[in-house]
Amino acid sequence: MKNVIFIGMPGAGKSTVGVVIAKMLGYDFIDCDLIIQKQTGKLLCESIAELGPLGFLALEDRINSEINVTNSVISTGGSAVYGENSMTHFKKIGKVVYLKLSYDSISKRLGDLTKRGVVLKDGQTLESAYIERCILCEQYADIVVECDGLTIEETIEKVKASII
């Protein structure tokens, strides 16, 4: 397997699980949100405020499409699934793993969305974003890992079992 790419809602555990899985596999770990921040020199919330939701999504899609690595675990931002170019690219370079959680679990984990850099389109609520993104996650995922009610350790074990 060339790469493992995690997708899912913000707060699903993509980065937390990704770091541990990378160590288990002896792979590098790449956090797409950190790459965007490094390339722009801004926090995600600053880029979203400056570019607007659609401008940020275009930036995210472009940057994610340019990630060319092997033997890596890639943790995408929660809005990466809106980027058709990057998702097509990710499917070519590895296995896409969707960390799936219920809306209730996500809403409990998130807290203040503005500080987290969560992209919401004009007039969009967290719940409507959740519904829209779940459809896209299901569409792009090679592997779906149901994470509701699991501890982080149980999630990691379930992911490990599904990719090895």
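Keep in mind it's a predicted model, so treat the numbers as computed, not measured.

Asker: What am I meant to see in unusual backbone geometry here?
Answerer: Positive phi values are uncommon outside glycine, yet Asn-71 reaches one of about 50°. With respect to the helices and strands, Asn-71 occurs in the loop between helix H3 (44-65) and strand S3 (72-75).

Asker: Just to check I follow, could you spell out the nonpolar core for this structure?
Answerer: Looking at soluble globular proteins, one finds that nonpolar side chains tend to be buried together. If you look at the biggest cluster of nonpolar residues, it comprises 39 residues, and the most contacted ones within it are Phe-6, Ile-7, Phe-90 and Leu-99. Per element, the largest residue contribution to this core is six residues, and it comes from helix H7 (residues 126-140). By size, the runner-up hydrophobic cluster in this structure holds eight residues, among which are Ile-36, Leu-57, Ile-63 and Val-119.

Asker: Sorry, what's going on with the environment of Asn-3 here?
Answerer: Looking at where Asn-3 falls in the secondary structure, it is placed in strand S1 (residues 3-7). Relative accessible area serves as the criterion here: at 0%, Asn-3 is assigned to the buried category. Placed 96 residues apart in sequence, Asn-3 and Leu-99 show a C-alpha to C-alpha distance of 16 Å. The residues contacting Asn-3, other than those within four sequence positions of it, are Tyr-27, Val-69, Thr-70, Asn-71, Ser-72, Ile-93, Gly-94 and Lys-95. Of the polar contacts made by the side chain of Asn-3, one reaches the backbone nitrogen of Ser-72; its length is 3.0 Å. A distance of 2.7 Å separates the side chain of Asn-3 from the backbone oxygen of Ile-93, its partner in a polar contact.

Conventions used here
- Residues numbered from 1 in each chain as written.
- Predicted model: local features only at pLDDT ≥ 70, side-chain atom pairs only at ≥ 80, totals over all residues.
- Heavy atoms only, no water.
- Helix = DSSP H or I, 4+ residues; strand = E, 2+ residues; numbered from the N terminus.
- Core = buried A, V, L, I, M, F, W, Y, C linked by side-chain atoms within 4.5 Å.
- Buried < 20%, exposed > 50% of the residue type's maximum accessible area, 1.4 Å probe, protein only.
- Contact = heavy atoms within 4.5 Å.
- Polar contact = N/O pair within 3.5 Å; in protein donor to acceptor, adjacent residues only side chain to side chain.

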